[in-house]
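# Structural overview
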Amino acid sequence: MKDQITRKSELLMPAGSLERLKVAVLYGADAVYLGTPDMSLRTKSKFSLEDVKKGITFAHAHGVRVYLTLNLFTHNKDIAKLADYVETLRDIRPDGVIVADPGVFNFLRKHAPELNLHISTQANVCSWLTVDYWKDQGAELVVLAREVTFAEMAEIREHCPDIRLESFVHGAMCMTYSGRCLLSNFMAERGANQGNCANSCRWQYKVHMRLKDGTIKELPLTEENLELFEFVLEEGARPGELMPIEEDARGSYILNSKDMCLMPKLADLLRIGVDSLKVEGRNKSPFYVATVARAYRRAIDAWYRDPENWSAEPYLRELDAVSNRGYTIAFHEGRLQNFAHNYDHTKAIAPWEFAGVISETRDDGMVLALKNRMDAGDVMEFLPPDPNAEPVLLRLYEFYLDGKPEEAHESVFGSRGDKIFIPYSAFDREDPEAVKRAFPPFTIVRKEAMLAEDEWRRLKLDRTAQKIEMGEAGRETAYRRQVEQLQEAIGTEAMETRGRTSRKGVEGCCGRGCNGCLMFWNDPEYAKARELLSQRKHGEILMHDRDMREIGAKG
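Residues numbered from 1 in each chain as written. Predicted model: local features only at pLDDT ≥ 70, side-chain atom pairs only at ≥ 80, totals over all residues. Heavy atoms only, no water.

### Details of the pattern of salt bridges
Inspection of the entire model under this criterion finds 34 salt bridges. Two residues, K284 and E280, come together in a salt bridge whose shortest N-O distance is 3.9 Å. Overall, E280 belongs to the buried group, its relative accessible area being 16%. K436 is paired through a salt bridge with D363; the nearest N and O atoms lie 3.3 Å apart. With K436 in helix α11 (residues 432–438) and D363 in the loop between β15 (352–361) and β16 (365–370), this pair connects stretches of sequence that are 73 residues apart. Ionic contacts of the salt-bridge type, sharing partners, join the residues E10, R65, E140 and R164 into one network. (Salt bridge = Lys/Arg side-chain N within 4 Å of Asp/Glu carboxyl O. Buried < 20%, exposed > 50% of the residue type's maximum accessible area, 1.4 Å probe, protein only. Helix = DSSP H or I, 4+ residues; strand = E, 2+ residues; numbered from the N terminus.)

The following block contains the structure:
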């Protein structure tokens, strides 16, 4: 098997901020991708151009490649920026530029032929014919659409051996074709394809009835009337073809896809030589980046060492530690199964949560910048960047804020920016020098999460569904029983306190000029803000408090 391996796959991790880039590099990424909020599809990116330069310098110093996203779909207002942006690209020198728009691709080919161009997943490349087209145009790499099955991927690799291929292996799935969705734009005025999606497909929906006088009533479903109703949709071009909608008393999550996780099928991709294995998540936390990077780093290295005896199981358990909506292999084997969707619960959950990140190491100890609350007696797990090292547990019964050793605290809080000092002597069963080497700055620390009964049942149900999807027989009865237990644990009372949707979009425009924000670019009230933004350098966005004072409340 080893003799057949001709091209080695890279692990490509997301970097939504400079901190997350450094975490990705530390935890084993071969490459990272990032973008500034004005010219990519990630309006929530925390990168300024100065941060991009620092990030590229840091990554290159550690032998890690950096791909910059320029994957916006241009409107006329964007074209004037391209010439200046080319000069920016020449200055910062990324290893690749991710492009979706053919016009942008052509512009870069003409004006910056020295750049390596990567074709974004938003280009919806699903066949070897399209890959071959982009190769002829000068593309160095093509990101395949999430809808490409493994059989198709293998055929593409066979027909296109002279161009690099990239495939998503982990992260959120969209209910539309490779992210081309307008639900969020329509329902919340937040750019669905601009990284500012309101996740409208994951909202909870309920059926109401409208009376003849125009009043709207909720239609409560009870044991007495449940058998009297059947809810159906009729599509205009197919009269008479009625499609049922299933809903219970808690509502319905009819479009709520689980998260992609191809760890069980990772060996397939490594065997055919997919050049880049991509993890989604530029809006995710450093905890997510570290946990997922470490799991895939260990899995990839283990397969190359011994492909014949490789198993995904230990790495799947690692991925359970990070919040997810349940895992699915998605389109890998063709048609989606029913288990690829989550109909009872939309929340991403995990038995662990982000405790903090080591911000500094000293001769006698380390400083932990907290991201969540810590109470006396909580157990922290230090996640080593070395893929061959094991995590280390530590329980503390009192905390000392950095620089204030005179007062012990029973509780400390990430919400107020607390940093605590942890002496190496607290690791009473570890060698202090070994601890110092094992946990450098940007090491991630996690703690056990306090989950409700319905959340624990959801996790159990997700694991069972994953095993069924992977072909394990005899689990269907257990699955149906666990569904009933989950629905009972959630209950109507719990639903009353649960948020019905994601954050509102209509009332929430920040005035920063997000690429996909319909309000900002079209509402006359933001005319002055648009004028101010046009005077900024690329990568700079309006800061709400300062700039809003300058241009007035909204205008």
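### Description of the environment of A452
The residue A452 is located in the loop between β24 (444–448) and α12 (453–469) in this model. C-alpha of A452 to C-alpha of A489: the two residues are 37 residues apart in sequence and 9.1 Å apart in space.

### Observations regarding the packing of aromatic side chains
Applying the stated criterion to the full structure yields seven aromatic pairs. In this structure an aromatic cluster arises from ring pairing among F105, Y133 and W134. Between the NZ or CZ atom of R146 and the centre of the ring of F168, over which it lies, the distance is 3.7 Å. A cation sits over an aromatic face here: K284 above Y288, 4.2 Å from the ring centre. (Phe/Tyr/Trp six-rings, centres within 6.5 Å; stacked < 30°, edge-to-face > 60°. Lys NZ or Arg CZ within 6 Å of the ring centre and 35° of its normal.)

### Considerations on the packing of helix α1 (residues 18–26) against helix α2 (residues 49–61)
Packing of α1 against α2 brings their axes to within 10 Å, and their N-to-C directions diverge by 10°. Judged by the inter-axis angle, α1 sits roughly parallel to α2. Touching L18, L21, K22 and V25 of α1 are D51, K54, G55, F58 and A59, all from α2. For the contact of α1 with α2, the residue count by class is five nonpolar, one polar and three charged. (Axes fitted to C-alpha atoms, helices over the stretch in contact; angles between N-to-C directions. Parallel < 35°, antiparallel > 145°, perpendicular 65-115°, else oblique. Contact = heavy atoms within 4.5 Å. Nonpolar A, V, L, I, M, F, W, Y, C, P; charged D, E, K, R; others polar.)

### Looking at the side chain of E469
Residue position: E469 is located in helix α12. One polar contact links E469 to T328, side chain to side chain, over a distance of 2.6 Å. If we ignore the near neighbours within four places in the chain, the residues touching E469 are Y327, T328, I329, A330, Q337 and A340. (Polar contact = N/O pair within 3.5 Å; in protein donor to acceptor, adjacent residues only side chain to side chain.)

### Overview of the environment of S425
With respect to the helices and strands, S425 occurs in the loop between β23 (419–423) and α11. Its relative accessible area of 58% is what places S425 among the exposed residues. Along the primary structure S425 and D364 are separated by 61 residues, whereas in three dimensions their C-alpha atoms are 8.0 Å apart.

### Structural notes on unusual backbone geometry
Here the phi dihedral of R93 falls at roughly 55°; this positive angle occurs in a residue that is not glycine. By relative accessible area, R93 is classed as exposed at 64%. For A330, which is not glycine, the phi dihedral falls at a positive 55°. Residue placement: A330 occurs in the loop between β14 (327–328) and β15.

### A word on the packing of α2 against helix α3 (residues 76–92)
Packing of α2 against α3 leaves a shortest axis separation of 10 Å and a crossing angle of 30°. With respect to each other, α2 and α3 are oriented roughly parallel. Side by side, α2 and α3 meet where L49, V52, K53 and I56 of the first sit next to T88, D91 and I92 of the second.

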